[in-house]
Amino acid sequence: MANVKTHYEESDVLIVGGGMAGTGATFEARHWGRDLKIVCVEKANIDRSGAVAQGLYAINCYMGMQWDENQPEDHVRYARNDLMGMVREDLGYDMARHVDSTVHMFDEWGLPMMKNEKTGRYLREGKWQIMIHGESYKPIVAEAAKKSANKIYNRIMITHLLMDDEKENRIGGAVGFNMRTGDYHVFKSKTVIVAAGGASHIFKPRAVGEGMGRTWYAPWSNGSAYALPIAVGAKMTQMENRIVLCRFKDGYGPVGAYFLHLKTYTQNANGENYEKKWYDHTKNLVGEYIDHHPTPTCLRNHAFIQEVQAGGGPIHMVTKEAFQDPHLETVGWENFLGMTVGQAVVWASQNIDPKYTNPELTTSEPYVMGSHATCSGAWVSGPEDLSPKEYFWGYNRMLTIDGLFGAGDTVGGSAHKFSSGSFTEGRLAAKAAVKYIEDKKADGIKVSDKQHKDLKEVIYKPLENYTVGRNEITGGTVSPSYISPIQGLQRLQRIMDEYVGGIATNYMTNENMLNRGLELLKWLEEDLENVGAEDYHQLMRAWELKHRTITSQCVTEHTKFRKETRWPGYYYRGDHLKLDDENWHCLTVSRRDPKTKEFTMEKVPVYHIVDEKKEKKAS
Ligand SMILES: Cc1cc2nc3c(=O)[nH]c(=O)nc-3n(C[C@H](O)[C@H](O)[C@H](O)COP(=O)(O)OP(=O)(O)OC[C@H]3O[C@@H](n4cnc5c(N)ncnc54)[C@H](O)[C@@H]3O)c2cc1C
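Below is a short write-up of the structure. (Residues numbered from 1 in each chain as written. Predicted model: local features only at pLDDT ≥ 70, side-chain atom pairs only at ≥ 80, totals over all residues. Heavy atoms only, no water.)

So, the overall build of the chain
Filter applied, for reference: Secondary structure elements are defined from DSSP: runs of H or I of at least 4 residues count as helices, runs of E of at least 2 residues count as strands, and each element is numbered from the N terminus. We take the radius of gyration over the C-alpha atoms and set the globule estimate at 2.2 Å times the residue count to the 0.38 power. Remark: exposure states derive from per-residue accessible area (1.4 Å probe, protein chains only) relative to the maximum for the residue type, with buried under 20%, exposed over 50%, and partly exposed in between. Accessibility throughout is a Shrake-Rupley quantity obtained with a 1.4 Å probe, and a residue counts as covered only by protein chains that appear here.
Scanning the chain from terminus to terminus reveals 17 helices and 19 strands. For the chain, the C-alpha radius of gyration of 23 Å lies close to 25 Å, the compact-globule estimate for 619 residues. With respect to the principal axes defined by its C-alpha atoms, the chain has extents near 65 × 60 × 50 Å. Counting every position in the chain, which comprises 619 residues, the buried fraction comes to 61%. For the chain, the exposed area adds up to about 23,500 Å²; of that, 50% sits on carbon and sulfur atoms.

Shown next as structure tokens:
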């Protein structure tokens, strides 16, 4: 690749991904590191990137401590309950105690917040959510990052992390390419904060063909947050805890405001409350967890899935009553205009006016995330004042690689952070990264020319594969020598869908299926050496696919390791259909050896710090 231009940049703090967590990290790094060089690299453009790109209608994580609405302990209890006991309470508490200050800054920066006319407080949508006019949420937080960074690089996809050649297990930077110019970028840095979002499109989506971009989770979220650290040997946790969402059918429009603010509710095709019907059945699987309040998200999905399987579908959201109130009708529509315009378009195209027709709901294909009602991600150190010794190794939000930090969807174990909590976690990670530098932990880092030159060959190989292989095209785009990114993606999605608990099997899997899935993923990985890219955009697609594949391997290994069904409604282990607190009341942690590419798995105790419940040890 002699004709590709190489650019070099050196920084103190390098932020990979300028979404919610990345902008938070960039902003806070400047606060603590006045004279440090802070660089943020983003695959898209930070003004409109990440899951929040098209705006939000609610900030889903706000304590309201100034009015004593909630305390951090309450949020820990809530997240613990929703995730069936399995969260890192130190991380959750740490986020919750700081999140209000983040929201107050958003308010100062001009984000239009809705206010309760009577009390003057932020208008609550639910216990944790406050309502905003959030179409411009992302440009507002991006501005704070732009003012804080020495440089923001847009349109650069980071493909690999660089390691220090002097000291084992220490970070050295990252490399990637510009998707418009094709130039190669080498970022040497004392610390790196990965904030690259979660993973959609690793499981086959319900919408295929022309509609395949219409998923709940943004199609550009491709698992780099997981693949980058996994590839250099960082430990991951709870990767089996993929999330399935119950949303309006076809448009995946949000249901939060409908349930919480409009007080709409669900029913089966016969107008019955089907959730009650599945109580005994669910109790038999998960025991007392079904009696928790609020009902864990996965268990509500479970009732939905069972009801549809038993022939009670379609499931509807009862909107006809609420929409008779003109105020609620307006809120219902504006909710979509603020964040999912596509749902309004779908309803228009299907002749659905929710005032007269109750719209259908569906359960989505699974996604991998760390910030929603799920907590897959990297195994990180917690804060010094809260974390038990197994959870603390020096710097808050540092992964098991020295100098490598994470935030937002990247970080595992801390669910229900949402947009505000992800931004907050970015701030926490940046503060710790600056301290790491001040403590001189990053002195003497060396990244050899060989390291980044070798990676350059690897990164541009798909262009080479295409240039050579296109001479053998037998028809259309079919060549015996390479596969295209879309062919590879569809193959990945089928493997995950059919073997690892996607929609094809109604979220069901078992050890035999997972073993077969792992075998097929291995062969896919081998074949991806031959992925071909016609242009720089396809080169991005090729690397997105490679990152999705490594993420999928990790998800599959974790799913195989946990021999129980902890979250029915997210997925089922048919060979271990019941929740098993005796053996699996623990967190799962994996590491992939960068040399052998083999995963090793371990159980780590889950500590219940809030309420000081006795730790239940899994054998
Ligand atoms: C459909 C949906 C609805 C939601 N609704 C709400 C809501 O109503 N309220 C709320 O508070 N929260 C909501 N959330 C949650 C919120 O959006 C996330 O918690 C938050 O965006 C996570 O922040 P993040 O920085 O980890 O990821 P993101 O904000 O997604 O940012 C990741 C960034 O990394 C970039 N990136 C990815 N790969 C690379 C790479 N290889 N190189 C460089 N850059 C890369 C991406 O382009 C992106 O900008 C919702 C999420 C989804 C998906």
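The rest of the description comes next.
Some words on the site of the ligand
We apply this condition: Think of it this way: one heavy atom of a residue within 4 Å of a molecule or strand is enough to make that residue near it. Polar contacts here mean pairs of N or O atoms no more than 3.5 Å apart (in protein, one a potential hydrogen donor and the other a potential acceptor; neighbouring residues in sequence count only if both atoms are side-chain atoms). Residue type decides the class: Asp, Glu, Lys and Arg count as charged, Ala, Val, Leu, Ile, Met, Phe, Trp, Tyr, Cys and Pro as nonpolar, and the leftover types, Gly among them, as polar.
Contacts to the ligand come from 33 residues, most closely from Glu42, Ala58, Ser371, Asp409 and Ser419. One of the backbone nitrogen or oxygen atoms of Ala58 is found 2.7 Å away from a nitrogen atom of the ligand. Within the side chain of Ser419, one N or O atom sits 2.6 Å away from an oxygen atom of the ligand. In isolation the ligand offers 990 Å² of accessible surface; the protein chains occlude 96% of this area. For the shell around the ligand, the elements supplying multiple residues, two or more each, are helix H1 (20–32), strand E3 (56–59), strand E6 (156–163) and helix H12 (418–438). Looking at the shell around the ligand residue by residue, the classes come out as 17 nonpolar, 13 polar and three charged.

As for the packing of helix H8 (residues 279–286) against helix H9 (residues 297–309)
Inclusion rule: Axis geometry follows a simple rule: fit a line to the C-alpha atoms, using only the stretch in contact for helices, then measure angles between N-to-C directions, giving values from 0 to 180 degrees. Orientation categories follow fixed angle ranges, with anything under 35 degrees roughly parallel, anything over 145 roughly antiparallel, 65 to 115 roughly perpendicular, and all other angles oblique. Working rule for handedness: look at the near helix, and if it is turned counterclockwise from the far one by less than a right angle, call the crossing left-handed; if clockwise, right-handed. For this analysis, residues touch if any pair of their heavy atoms sits within 4.5 Å.
The N-to-C vectors of H8 and H9 enclose an angle of 125°; their axes lie 11 Å apart at closest approach. The angle between H8 and H9 falls in the class oblique. For H8 against H9, the interelement crossing comes out right-handed. Contacts between H8 and H9 involve His281, Thr282, Leu285 and Val286 from the first element and Leu299, His302 and Gln306 from the second.

Observations regarding the pattern of salt bridges
As a reminder, the rule being used: We count a salt bridge whenever a side-chain nitrogen from Lys or Arg sits within 4 Å of a carboxyl oxygen from Asp or Glu.
All told, the structure shown has 45 salt bridges when counted by the stated rule. Of the charged contacts, one joins Glu240 and Arg562 as a salt bridge, the two residues approaching to 2.7 Å between their closest N and O atoms. Taken together, the positions of Glu240 in the loop between strand E9 (236–237) and strand E10 (246–248) and Arg562 in the loop between helix H16 (536–561) and strand E17 (572–573) put the pair 322 residues apart, joining distant regions of the chain. The exposure class assigned to Glu240 is buried, which follows from its relative accessible area of 0%. Between Arg541 and Glu544 there is a salt bridge whose closest N-O contact spans 3.0 Å.

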